[in-house]
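# Structure assessment
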Amino acid sequence: MVLRLQEAGIIKSRAVLDIMSRVDRKHYVPMERDLKQARDKANTTIMAYLDRPLRIDNNQTISAPHAHAMALELILPSLEHNGASNSRPIKILDVGCGSGYL
């Protein structure tokens with residue numbers, strides 16, 4: 001999924017590619033009993049890697065991965081400008097996001 005986003009030109013930077021490759025979206029998708037579209041655990045895993053929003057709980061959704069990639073690409077220049085680097089990472093808390101990407 002992450003490589004497809006890169007091929008589509010949504011992921012442009014190595015930093016966004018790296019972080020989205022390290023965070024596995026399947027950990028943020030409900031188990032199959034809670035996900036109506038999935039009939040078994042394999043389908044739940046497959047659903048996690050689709051570039052689309054998914055229902056999580058309380059009538060809420062986890063956003064499509066391309067939306068997270070775009071947000072990260074947009075904020076990256078500000079982080080770099082403020083001194084973020086591989087040796088000195090900056091941590092950001094996005095309350096309510098729930099994706100693990102932001």
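In this report, we go over the structure that sits alongside the text.

What counts, and at which threshold
Residues numbered from 1 in each chain as written. Predicted model: local features only at pLDDT ≥ 70, side-chain atom pairs only at ≥ 80, totals over all residues. Heavy atoms only, no water. Helix = DSSP H or I, 4+ residues; strand = E, 2+ residues; numbered from the N terminus. Buried < 20%, exposed > 50% of the residue type's maximum accessible area, 1.4 Å probe, protein only. Areas by Shrake-Rupley, 256 points an atom, 1.4 Å probe, with all protein chains shown as cover. Core = buried A, V, L, I, M, F, W, Y, C linked by side-chain atoms within 4.5 Å. Arc of directions from axis to C-beta. Salt bridge = Lys/Arg side-chain N within 4 Å of Asp/Glu carboxyl O. Contact = heavy atoms within 4.5 Å. Lys, Arg positive; Asp, Glu negative; His and termini not counted. Polar contact = N/O pair within 3.5 Å; in protein donor to acceptor, adjacent residues only side chain to side chain.

## What about the overall build of the chain?
Helices and strands together make up the secondary structure of the chain, namely four helices and two strands. Expressed as a percentage of its 102 residues, the buried residues of the chain come to 29%. Accessible surface, the chain: about 7200 Å² in total, of which carbon and sulfur atoms supply 52%.

## A few points about the nonpolar core
If you look at the biggest cluster of nonpolar residues, it comprises ten residues: Met-1, Val-2, Leu-5, Ile-11, Val-16, Leu-17, Met-20, Ala-69, Leu-72 and Leu-76. For this core, the elements supplying multiple residues, two or more each, are α1 (2-7), α2 (14-22) and α4 (65-81). Formed by five residues, the second largest nonpolar core is a distinct cluster that contains Val-29, Ala-48, Leu-54 and Ile-62.

## Things to note about α2
Listed in full, the buried residues belonging to α2 are Val-16, Leu-17 and Met-20. Taken down its axis, α2 places every buried residue within 100 degrees of arc, on the same side. Turned more than 90 degrees from where α2 packs its buried face, Arg-14 and Arg-22 sit exposed.

## Some points on the pattern of salt bridges
Two side chains bearing opposite charge may form a pair once their charged atoms approach each other closely. Considering all chains together, one arrives at one salt bridge under this definition. Residues Arg-14 and Asp-18 are paired through a salt bridge, measuring 3.2 Å at the closest nitrogen-oxygen approach. With Arg-14 and Asp-18 both in helix α2 and four residues apart, the pair spans about one turn of that helix. Judged by relative accessible area, Arg-14 falls into the exposed class, the value being 59%.

## Brief notes about the environment of Thr-61
Within the secondary structure layout, Thr-61 lies in strand β2 (residues 61-62). A residue is classified by how much of its surface remains accessible, and Thr-61, at 47% relative accessible area, is partly exposed. Separated by 32 residues in sequence, Thr-61 and Val-29 have C-alpha atoms that sit 9.4 Å apart. Leave out the neighbours within four places in its chain, and Thr-61 touches Pro-53, Leu-54, Arg-55 and Ile-56.

## A closer look at the environment of Met-70
Summarising the element assignment, Met-70 is placed in helix α4. Note on Met-70: relative accessible area 44%, which makes it partly exposed.

## Some points on the side chain of Arg-25
Relative to the helices and strands, Arg-25 is located in the loop between α2 and α3 (41-48). Buried within the structure, Arg-25 lacks any salt-bridge partner; Asp-51 is the closest side chain of opposite charge, at an N-O distance of 6.5 Å. Here Arg-52 takes part through its backbone oxygen, which lies 3.0 Å from a polar atom of the side chain of Arg-25. Among the polar contacts listed, one links the side chain of Arg-25 to the backbone oxygen of Ser-63, at a separation of 3.0 Å.

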